[in-house]
Amino acid sequence: MTQEIRTNSQPLEVRADDDAIKVEGYAAVFDQETEIGGYFTETIERGAFKDAIGRDDVVFLVNHEGLPLARTRSGTLTLREDDHGLFISTELDGSDPDVRAIVPKMQRGDLDKMSFAFIPTRQEWDEDGKMPKRTIQEAQLFDVSIVTTPAYDGTEIGLRSLEAHRAANKKTQAPRRLRMKSQLLK
């Protein structure tokens, strides 16, 4: 499967004192339907990251690239699920030049969105509605990132996911098209 990226518009909290910069926020929010590139909608189910939190080595990046600013394996990045979503917490090293370059931008709000890179390991598709709907039930995590824009670079990736689902289940679109056509004629 291809790694996917989703962006969350929840605010990020940044507090700096001496050499430690505390960063907290939600990389993913549960039970919020999001349209993926006009191709399908997606919802992340509560518990989708439960296994990933203890299993996956997740890094904290800027825009999903570059050197890690923190990581779960080293204990510098903490992930947890709560009723709202996937919460991240880290204390960044204030002496790190990469951190020093982004902290003013984070404090001004120029860098204030969170995102996560994942592969769905368990998902459910519903193609009965006007637009197909995917529910992510479980995911493998790769990174959580602070990002500049809450736009999806994943439109093509999302489309490939939908096509892979349809190919795997050998579903034809003819019954769906007939249902939609009959609804329009009513």
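Structure shown above.
Here goes a summary of the coordinates provided. Not measured: the values here are computed from a predicted model.

**Considerations on the side chain of Ser115**
Take Ser115: it is sitting in strand S10 (residues 113-126). A relative accessible area of 0% means that Ser115 is categorised as buried. In terms of polar contacts, Ser115 uses its side chain to reach the side chain of His64, at 2.7 Å.

**Structural notes on the environment of Asp56**
With respect to the element layout, Asp56 can be found in the loop between helix H1 (50-55) and strand S6 (59-62). In this structure, the C-alpha to C-alpha distance between Asp56 and Thr72, residues 16 residues apart in sequence, is 8.1 Å. For Asp56, the residues in contact, after removing those within four places along its chain, are Thr72, Ala139, Gln140 and Leu141. Within the structure, the side chain of Asp56 is placed 2.7 Å from the side chain of Arg55, a separation counted as a polar contact.

**Some points on the pairing of strand S11 (residues 133-147)**
Burial of S11 is extensive: twelve of the 15 residues sit out of reach of the surface. Sheet analysis places strand S5 (residues 40-44) next to S11, joined by four bridges and oriented parallel. Considered in S11, the bridge of Thr43 is made with Thr135. In this sheet, S11 lies alongside S6 in parallel orientation, the contact comprising four bridges. Bridge pairing in S11 links Phe60 to Val144. Looking at chain direction, S10 and S11 are connected through 13 bridges and run antiparallel. Across the sheet, residue Met114 finds its bridge partner in S11, namely Ile146.

**Structural notes on the packing of aromatic side chains**
All chains considered together, the criterion is met by five aromatic pairs. When the ring of Tyr26 is compared with that of Phe87, the centres are 5.2 Å apart and the planes differ by 70°; the resulting orientation is edge-to-face. Here Tyr26 is found in strand S3 (residues 20-29), whereas its partner Phe87 is found in strand S9 (residues 85-93), with 61 residues between them in sequence. Residue Phe87 is classed as buried on the basis of its relative accessible area, which comes to 12%. Measuring from ring centre to ring centre gives 5.5 Å for Phe49 and Phe116, while their planes differ by 85°; the resulting arrangement is edge-to-face. Separated by 67 residues along the polypeptide, Phe49 in the loop between S5 and H1 and Phe116 in strand S10 bring together distant segments of the chain. Looking at Phe49, the relative accessible area reads 1%, which means it is buried. Three or more aromatic residues link up through ring pairs in this structure, and these residues are Phe30, Phe49, Phe116 and Phe118.

Thresholds applied
Residues numbered from 1 in each chain as written. Predicted model: local features only at pLDDT ≥ 70, side-chain atom pairs only at ≥ 80, totals over all residues. Heavy atoms only, no water. Helix = DSSP H or I, 4+ residues; strand = E, 2+ residues; numbered from the N terminus. Buried < 20%, exposed > 50% of the residue type's maximum accessible area, 1.4 Å probe, protein only. Polar contact = N/O pair within 3.5 Å; in protein donor to acceptor, adjacent residues only side chain to side chain. Contact = heavy atoms within 4.5 Å. Pairing = 2+ DSSP bridges. Phe/Tyr/Trp six-rings, centres within 6.5 Å; stacked < 30°, edge-to-face > 60°.

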